[in-house]
Amino acid sequence: MSARGERAGALAVDDAVAPSRDVTPPTVTPPTVTPPTVTPPTVTPPTGAPITGAPITGGGHGDEADAARFLGRAQRALRERWFACSNALGWTAAAEWPNDAVDEVCGVLAAGGDRPELERALGAWAVTRARAGIGLAETLTDLSALHAAVLGALGDLVPHEGGHMPGADGSRLVRVVSLAWTDITCGELAETAVVDPLSGLPTESYLRARLGELYDAARARGVRVGAEHALVTVTLKVAGWSRIAPLSTVGEATGIVFDAGETIAVVGRSTVVVLAPRVGLPARVRVLRGLLERRLAGTPGVLAAPVARIVALPGTHEGARGTLDRLHAPPAPSAGSLPVRR
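Calculation rules
- Residues numbered from 1 in each chain as written.
- Predicted model: local features only at pLDDT ≥ 70, side-chain atom pairs only at ≥ 80, totals over all residues.
- Heavy atoms only, no water.
- Phe/Tyr/Trp six-rings, centres within 6.5 Å; stacked < 30°, edge-to-face > 60°.
- Helix = DSSP H or I, 4+ residues; strand = E, 2+ residues; numbered from the N terminus.
- Buried < 20%, exposed > 50% of the residue type's maximum accessible area, 1.4 Å probe, protein only.
- Patch = residues over 30% accessible without salt bridge, like charges linked within 9 Å, V, L, I, M, F, W, Y side chains within 5 Å.
- Areas by Shrake-Rupley, 256 points an atom, 1.4 Å probe, with all protein chains shown as cover.
- Salt bridge = Lys/Arg side-chain N within 4 Å of Asp/Glu carboxyl O.
- Pairing = 2+ DSSP bridges.
- pLDDT = per-residue confidence, 0-100.
- Contact = heavy atoms within 4.5 Å.
- Axes fitted to C-alpha atoms, helices over the stretch in contact; angles between N-to-C directions.
- Parallel < 35°, antiparallel > 145°, perpendicular 65-115°, else oblique.
- Left-handed = near helix turned anticlockwise from the far one by under 90°.
- Nonpolar A, V, L, I, M, F, W, Y, C, P; charged D, E, K, R; others polar.
- Core = buried A, V, L, I, M, F, W, Y, C linked by side-chain atoms within 4.5 Å.

Evaluation of the coordinates by the stated rule reveals 3 aromatic pairs. Both rings, one in Trp 82 and one in Trp 97, keep their centres 5.2 Å apart while their planes meet at 85°; by these two values the pair is edge-to-face. Taken as a pair, Trp 82 in helix H2 (residues 61-88) and Trp 97 in the loop between H2 and helix H3 (100-110) lie far apart in primary sequence, 15 residues in all. Judged by centre distance (5.1 Å) and plane angle (50°), the ring pair of Phe 83 and Trp 97 falls under tilted. A residue pair is termed long-range when its members are at least 10 positions apart, and Phe 83 in helix H2 and Trp 97 in the loop between H2 and H3 qualify at 14 residues. Since its relative accessible area comes to 27%, Phe 83 is described here as partly exposed. Its relative accessible area of 2% is what places Trp 97 among the buried residues. Counting every residue linked through ring pairs, the aromatic cluster contains Trp 82, Phe 83, Trp 97 and Trp 125.

What follows is the structure, given as structure tokens:
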């Protein structure tokens, strides 16, 4: 080995055994990590959540809007299924089926209303059916369709006990609907009838129509109705249903005395009214009193002699209608609440 190689080798050995130099490690700053902001998800109540009649509160306007939309869906679902069920059961006029009363019934059921609320809504619904000329049989069939619709449309949305309408048994609802329908129908028949079925006399509605014609004619001629015509009232005091025979007797006797085309009608339960000209009227009333005393003497149920009076007609048609209204509850002979001339 040459002298140059020996020196190089010595230097390599010296470097290998020489102590290491101090080395300062670099400063490492760990990165700053910001945790992400997590917004909790909005949880929508499941479709099957029950709805009650009480308003939903808690989260603010959003919750109220959701509840209103939920009720609206339930109401529409019930209305659509009710209409379908009614058509399936034979409803004849589709255009006549929807109305505000239908929406009211659906709203009460969708909101879980109690039995009084449901009965009021169904009563109003039956009234609209009667006024529209829908028969009782078809109305009750429509009620059956409602029951079927509640089972199908609200079974999941608004569960009711046993799957029926809330707190209602079938017979009670049929009674509520039937009574409401009958009240309207019978009332309209009574208003439009011309002859009273018990006494055989014309009805109060006919007398009111004649008065209207009389006031119209007087206004056209520029005269007062009361100057030419008056009412004659004959009031009976009878007991209960025994009024029927005496009332017929009064009507017959009145027709004998007033036989020249005067209007004779029954007003209320036991009053006969004559619309007659004033000429010779006091004398005719005296004849009528005598005839009634003879014909009603000893008649069962008659508690006192009938009272016949001449009642002046007021200046307006409205006043005449008010006079007839007061005759439904006639005053005692001494009360004098009506203008009376003997």
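Right, let's get into a nonpolar patch on the surface. A grouping of Val 194, Val 195 and Tyr 206 is seen on the molecular surface, where their side chains present a nonpolar patch of about 260 Å² in accessible area. In this fold, Val 195 is placed in the loop between helix H6 (170-192) and helix H7 (204-221).

For the structure on display, the rule yields 11 salt bridges. Ionic pairing is found between Arg 295 and Glu 252, a salt bridge with its closest N-O pair at 3.3 Å. Of this pair, Arg 295 sits in helix H10 (residues 281-296) while Glu 252 sits in helix H9 (residues 244-257), and the two are 43 residues apart along the sequence. With a relative accessible area of 49%, Glu 252 lands in the partly exposed category. Glu 262 is the salt-bridge partner of Arg 284, the closest N and O atoms lying 2.8 Å from each other. On the criterion of sequence distance, the pair formed by Arg 284 in helix H10 and Glu 262 in the loop between H9 and strand E2 (263-267) is long-range, its members being 22 residues apart. Given a relative accessible area of 13%, Glu 262 falls into the buried group.

Attention shifts here to the pairing of strand E3 (residues 271-277). Counting buried positions along E3 yields 6 of 7 residues, so the element is predominantly enclosed. Looking at chain direction, strand E1 (residues 229-238) and E3 are connected through 7 bridges and run antiparallel. Pairing of Thr 233 across the sheet is with Val 273, part of E3. Direction of pairing for E2 relative to E3: antiparallel, over a ladder of 5 bridges. Looking at E3, one finds that Thr 263 is bridged to Leu 275. In textbook terms, the turn of a hairpin is the stretch between consecutive antiparallel strands, and for E2 and E3 this stretch comprises 3 residues, one of which, Gly 268, has a positive phi near 70°.

So, about the confidence of the model for the chain. On average, residues of the chain score 75 in pLDDT, and 68% of them reach the 70 mark or higher. Taken element by element, the predicted model of the chain shows its lowest mean pLDDT in strand E5 (residues 340-341) (40) and its highest in E3 (94). Every residue in residues 10-20 scores below 50 in pLDDT, and together they form 0 contacts with partners more than four places removed in sequence or on other chains. The model gives residues 154-164 a pLDDT under 50, and that stretch makes 26 contacts with residues more than four places away or in other chains.

With that out of the way, let us pick up the packing of H3 against helix H4 (residues 115-131). Viewed as axis vectors pointing N to C, H3 and H4 meet at an angle of 165°, and their least axial separation amounts to 9 Å. The angle between H3 and H4 places the two elements in the roughly antiparallel class. Considering only the axes of H3 and H4, their crossing is left-handed. Residues Ala 101, Val 102, Glu 104, Val 105, Val 108 and Leu 109 of H3 lie in contact with H4, whose contacting residues are Glu 117, Leu 118, Ala 121, Leu 122, Ala 124, Trp 125, Thr 128 and Arg 129. Taken together, the residues of the contact of H3 with H4 break down into 10 nonpolar, 1 polar and 3 charged.

In this structure, Trp 82, Val 105, Leu 122, Trp 125 and Leu 146 are the most contacted members of the largest nonpolar core, which totals 29 residues. Among the elements of the structure, H2, H3, H4, helix H5 (136-153) and H6 are those that each provide at least two residues to this core. Sorting elements by how many residues they give to this core places H4 first, with 7 residues. For Val 105, the residues in contact, after removing those within four places along its chain, are Trp 82, Ala 121, Leu 122, Trp 125 and Leu 146.

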